Amino acid sequence: QVQLVESGGGLVQAGGSLRLSCAASGRTVSDCNMGWVRQAPGKEREFVAAISWRDANTYYTTSVKGRFTISRTNAKNTVYLQMNSLKPEDTAVYYCAADHPPYGTVRSVPSYDDWGQGTQVTVSS
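Cut-offs applied
Residues numbered from 1 in each chain as written. Predicted model: local features only at pLDDT ≥ 70, side-chain atom pairs only at ≥ 80, totals over all residues. Heavy atoms only, no water. Pairing = 2+ DSSP bridges. Helix = DSSP H or I, 4+ residues; strand = E, 2+ residues; numbered from the N terminus. Axes fitted to C-alpha atoms, helices over the stretch in contact; angles between N-to-C directions. Buried < 20%, exposed > 50% of the residue type's maximum accessible area, 1.4 Å probe, protein only. Contact = heavy atoms within 4.5 Å. Phe/Tyr/Trp six-rings, centres within 6.5 Å; stacked < 30°, edge-to-face > 60°. Lys NZ or Arg CZ within 6 Å of the ring centre and 35° of its normal. Disulfide = S-S within 2.5 Å.

1. A closer look at the sheet that holds strand 1 (residues 3-7)
Strand-to-strand pairing in sheets goes through backbone hydrogen bonds, with the strands running parallel or antiparallel.
Working step 1: The four strands lie next to each other as 1-3-8-7, forming an open sheet whose pairing is antiparallel. In this open sheet, the two strands that pair with only one neighbour each are strand 1 and strand 7 (68-73). With direction set aside, neighbouring strand axes in the sheet form an average angle of 15 degrees.
Working step 2: Relative to strand 3 (residues 18-25), strand 1 runs antiparallel, the two sharing five bridges. Residue serine 7 lies in a different strand from strand 3, and its bridge partner there is serine 21.

2. Here's the deal with the environment of serine 71
Working step 1: Within the element layout of this structure, serine 71 appears in strand 7.
Working step 2: With relative accessibility at 31%, the residue serine 71 sits in the partly exposed group.
Working step 3: Separated by 29 residues in sequence, serine 71 and histidine 100 place their C-alpha atoms 18 Å apart.
Working step 4: Not counting residues within four places of it along the chain, the set of residues in contact with serine 71 comprises Ile51, Thr78, Val79 and Tyr80.

3. Observations regarding the packing of aromatic side chains
Working step 1: Counted under the stated rule, the structure contains two aromatic pairs.
Working step 2: Considering the side-chain rings of tyrosine 95 and tryptophan 115, the 6.3 Å spacing of their centres and the 80 degrees angle between planes classify their relative orientation as edge-to-face. Of the two residues, tyrosine 95 sits in strand 9 (residues 92-99) while tryptophan 115 sits in strand 10 (residues 114-115), which places them 20 residues apart along the sequence.
Working step 3: Taking the centre distance of 6.3 Å and the plane angle of 75 degrees together, the rings of tyrosine 112 and tryptophan 115 count as edge-to-face.
Working step 4: Here a set of aromatic residues connected by ring pairs shows up, and it is made of Tyr95, Tyr112 and Trp115.
Working step 5: Arginine 45 extends its terminal NZ or CZ atom over the ring of tyrosine 95, reaching a point 4.0 Å from the ring centre.

4. Re the pairing of strand 8 (residues 78-83)
Working step 1: Taken across its six residues, strand 8 has five buried, putting it largely inside the fold.
Working step 2: The pairing of strand 3 with strand 8 spans six bridges and is antiparallel. Within strand 8, the residue paired with alanine 23 across the bridge is threonine 78.
Working step 3: In terms of strand pairing, strand 7 meets strand 8 through six bridges, oriented antiparallel. Opposite phenylalanine 68, over in strand 8, you have methionine 83 as the bridge partner.

5. Description of the environment of tyrosine 103
Working step 1: Inspection of the secondary structure puts tyrosine 103 in the loop between strand 9 and strand 10.
Working step 2: Here tyrosine 103 falls in the exposed class, since its relative accessible area comes to 72%.
Working step 3: Once the C-alpha coordinates of tyrosine 103 and asparagine 33 are considered, the two residues, 70 residues apart in sequence, prove to be 8.2 Å apart.

6. A short note on the state of the cysteines
Working step 1: In this structure the tally under the stated criterion is one disulfide.
Working step 2: Two residues share a disulfide in this structure: cysteine 22 and cysteine 96, whose sulfurs sit 2.0 Å from each other. Disulfide cysteine 22-cysteine 96: the torsion about the S-S bond is -75 degrees, which places it as left-handed. Remark: cysteine 96 occurs in strand 9 and cysteine 22 occurs in strand 3; sequence separation between them is 74 residues. The exposure classification of cysteine 22 matches that of cysteine 96, with both residues buried.

So, in structure tokens, the structure goes:
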């Protein structure tokens with residue numbers, strides 16, 4: 001099992017930036033497919049971005065491509081989500097998630113086995 005702790009959320013104006021961090025323990029992030037998933041009020045959880053375990057390939061939902069970047073630092077066992085050019089529609093609780101063994105489809109929310117507690121991101125217009 002992987003324990004995940006997110007940080008870095010907050011309130012930002014449209015066009016601004018935030019960097020979310022996800023500190024992992026119990027397993028190394030390079031052994032897992034790691035993802036970021038968000039949930040807006042009244043909506044289902046939505047895949048945002050993922051980084052694959054072996055080759056660190058990255059995947060994004062269409063609405064964030066070119067604005068968000070997922071990365072990981074193995075030495076710190078941490079995954080990041082750099083969010084630029086934020087829009088009000090990005091407002092949601094952002095969750096870090098791990099898939100281990102990493103056999104799931106990275107864009108599929110049910111593939112992820114372990115979840116953090118979430119961090120709120122609010123983008124004002």
